[in-house]
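One-letter residues, chain by chain:
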Amino acid sequence: MRRIPLDAIEAARSLDRSFEVVLTTAEADRPPAVYAVHDASAAAVTAFGAALEARLPERAAEGPCVDGEELITELPAGHPRRPSKRDLVVAVIGVFAVIDVTVAVLREPAWAIALPFLQLFACAGAFMALTLGRGLYDALRLPKHGITVMAELDHYTDKTKVYRYVDQDGGLHFYRESTGGQQLELSYDPRNPGRASARQALYGQVMMALMAVVGLGMACGGLGFTGFQIFLALRG
């Protein structure tokens, strides 16, 4: 994977569903290198091309040019693979299944039916706590420590609106939000521009905090009861 900085780009060309980036060259008699992306959405190509052209630095008519290829950074591709959400779900189901079977065999067969319902309750609470807790954390942190931009409405889906914004390196990102008009004020993390948060009113922040606490209580209650049952079963 390659990272191309703005200083290495001489021009950008949008070609229907393809996008080309022409790099700068230090030698006038050498053709510039061109990197292309094909089979992309026509709307995404147009939006990204316009955003990139607007952020390209102005270059003097005469003067030394840098070689764009020397500024390209190669990102390592051999880093260890992070466990996916699917792997995590499978692992949690496996652990709960072992606990349920153990309790059912050592204590009461009815627990093989009752415990899974409690564990689903706990998982729903954990999902609420993590999702709302992360959203609240971003809503409090990003307006102070992130970069604030005005995102433009890009398109609608059947459930929400999709806004687009451009980070400081010219990267195009999308943000889903059910409320908002033609523009939406967003703050994004400069270290991870794809992570953004819309400005939240105090009432919204309080409700997110309350629901996160409710979810945490559900998770702790369900997991605590499961742990208590496996303790009793193993104790005999």
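Our structure's up above, just so we're on the same page.
### With respect to helix 5 (residues 202-235)
So, point 1. For helix 5, spanning 34 residues, the distance from its first C-alpha to its last is 49 Å, which sits close to the expected 50 Å at 1.5 Å a residue.
So, point 2. Of the residues one or two after helix 5, G236 is the one with positive phi, at around 85 degrees.

### A look at the packing of helix 3 (residues 85-106) against helix 4 (residues 111-145)
Between two packed helices, both the angle of their axes relative to each other and the distance between the axes serve to describe the pair.
So, point 1. One can describe the packing of helix 3 onto helix 4 by two numbers: an axis separation of 9 Å at closest approach and a directional angle of 145 degrees. The chirality of how helix 3 crosses helix 4 is right-handed. Across the interface between the two elements, F96, I99, D100, V103 and A104 from helix 3 touch W111, A112, L115, P116, Q119 and C123 from helix 4.
So, point 2. Among the residues forming the contact of helix 3 with helix 4, the class breakdown is nine nonpolar, one polar and one charged.

### Things to note about the sheet that holds strand 8 (residues 172-177)
So, point 1. With respect to topology, five strands assemble into an open sheet ordered 8-7-6-9-10, the strand pairing being antiparallel. Both outer strands of the open sheet, strand 8 and strand 10 (192-198), are each paired with one neighbouring strand and no more. Pairs of neighbouring strands in the sheet enclose a mean axial angle of 45 degrees, with direction left out of account.
So, point 2. For strand 7 (residues 161-166) and strand 8, the ladder comprises six bridges, and the chain directions are antiparallel. Looking across to strand 8, one finds that V166 is bridged to L172.

### Things to note about the packing of helix 3 against helix 5
So, point 1. At a minimum axis separation of 9 Å, helix 3 and helix 5 run at an interaxial angle of 45 degrees. One finds that helix 3 runs oblique with respect to helix 5. Seen along the crossing, helix 3 lies across helix 5 with a hand that is left-handed. Facing helix 3, whose interface residues are F96, I99, T102, V103 and L106, helix 5 presents L223, T226, Q229, I230, A233 and L234.

The rules behind each value
- Residues numbered from 1 in each chain as written.
- Predicted model: local features only at pLDDT ≥ 70, side-chain atom pairs only at ≥ 80, totals over all residues.
- Heavy atoms only, no water.
- Helix = DSSP H or I, 4+ residues; strand = E, 2+ residues; numbered from the N terminus.
- Expected span 1.5 Å × (residues − 1).
- Axes fitted to C-alpha atoms, helices over the stretch in contact; angles between N-to-C directions.
- Left-handed = near helix turned anticlockwise from the far one by under 90°.
- Contact = heavy atoms within 4.5 Å.
- Nonpolar A, V, L, I, M, F, W, Y, C, P; charged D, E, K, R; others polar.
- Pairing = 2+ DSSP bridges.
- Parallel < 35°, antiparallel > 145°, perpendicular 65-115°, else oblique.

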